[in-house]
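# Examining the three-dimensional arrangement
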Amino acid sequence: MWSLFISFCLGFIFCKALPSLRHRAFARFMSYFYSTVDPSFVAFKKKIFGDIVKEKPRRPGSSELRILEVGVGTGTNFQFYPDGCHLVVVDPNPYFESYYNANKAKFPNIKTQEFIVAKGEDMTMVEDNSVDVVVVSLVLCSVGDCKKFLQQVLRVLVPGGKLYFMEHIREWDSDKHSMKQRFQDCLTWLQVWPALFDGCELNRETHEEQLFNLKTK
């Protein structure tokens with residue numbers, strides 16, 4: 001028991017002191033996680049992202065659907081994108097790129113650009129009104145400024161474009177899951193979970209932040 005506790009503490013210190021190795025470890029963990037993920041999780045994502053294949057180009061004079069995925073990670077959402085689309089990707093962790101490229105190779109009918117290393121709040125290299133669809137999967141839990149992030153999403157979307165997103169939040173039922181809430185609060189407040197999982201905050205209540213009331217085009 002003590003050896004497990006000491007190992008955890010050393011791992012925590014390691015992750016806080018060496019950001020580069022922490023990002024490498026996180027990228028490798030997520031690659032492993034998605035290779036062993038429960039099929040029910042994939043089915044859930046399909047319910048959310050399944051309609052992307054039905055989207056049509058909205059940019060004047062274009063016949064090609066252009067998609068931006070922010071926080072692309074290992075590239076697990078290729079399966080939800082239509083053949084012939086053009087994919088632009090952004091992620092702040094550069095160590096995801098090799099895993100992303102491995103997944104990209106399985107979908108040769110999807111056009112891609114270079115892997116852009118940037119935070120979603122600072123993706124200024126993506127042009128205004130340049131994409132038809134933005135995809136965000138389990139990212140809002142870790143962005144530094146959610147409002148600024150969504151303002152960037154509005155900036156890059158063409159008028160009438162769509163945002164598809166999936167997110168986890170703090171356990172909402174305090175009557176049934178008060179212990180779980182306290183556990184989430186503790187791990188986040190102590191910076192244990194954010195340190196190990198690239199800034200993810202378990203107790204973030206994104207659904208109550210009025211973020212989606214931003215003015216649309």
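A brief look at the structure comes next. Since we're looking at a predicted model, the values are computed, not measured. (Residues numbered from 1 in each chain as written. Predicted model: local features only at pLDDT ≥ 70, side-chain atom pairs only at ≥ 80, totals over all residues. Heavy atoms only, no water.)

Moving on to the layout of surface pockets. Here the largest pocket is characterised by a volume of approximately 1,000 Å³. In terms of lining residues, the largest pocket is bounded by 45 residues, among which Phe-26, Leu-138, Val-139, Cys-141 and Ser-142 are the most central. At the level of elements, α2 (19-35), α3 (39-49) and β1 (66-70) are the ones that each hand at least two residues to the lining of the largest pocket. Here the lining of the largest pocket gets seven residues from one element, more than from any other, and that element is α2. Its residues assigned to classes, the lining of the largest pocket shows 23 nonpolar, 15 polar and seven charged. (1 Å grid on protein atoms, 1.4 Å probe; cavity = no way out; pocket = protein on both sides within 12 Å on 5 of 7 lines; lining within 4 Å. Points joined across faces, edges and corners; volume = space filled by probe spheres on them. Helix = DSSP H or I, 4+ residues; strand = E, 2+ residues; numbered from the N terminus. Nonpolar A, V, L, I, M, F, W, Y, C, P; charged D, E, K, R; others polar.)

For Asn-129, which is not glycine, the phi dihedral falls at a positive 50°. Assignment of secondary structure puts Asn-129 in the loop between β3 (111-117) and β4 (131-137). The exposure class of Asn-129 is partly exposed, given its relative accessible area of 40%. Despite not being glycine, Leu-138 has its phi angle at roughly 55°, a positive value. Structurally, Leu-138 is set in the loop between β4 and α5 (146-156). Under the relative-accessibility criterion, Leu-138 is labelled partly exposed at 30%. (Buried < 20%, exposed > 50% of the residue type's maximum accessible area, 1.4 Å probe, protein only.)

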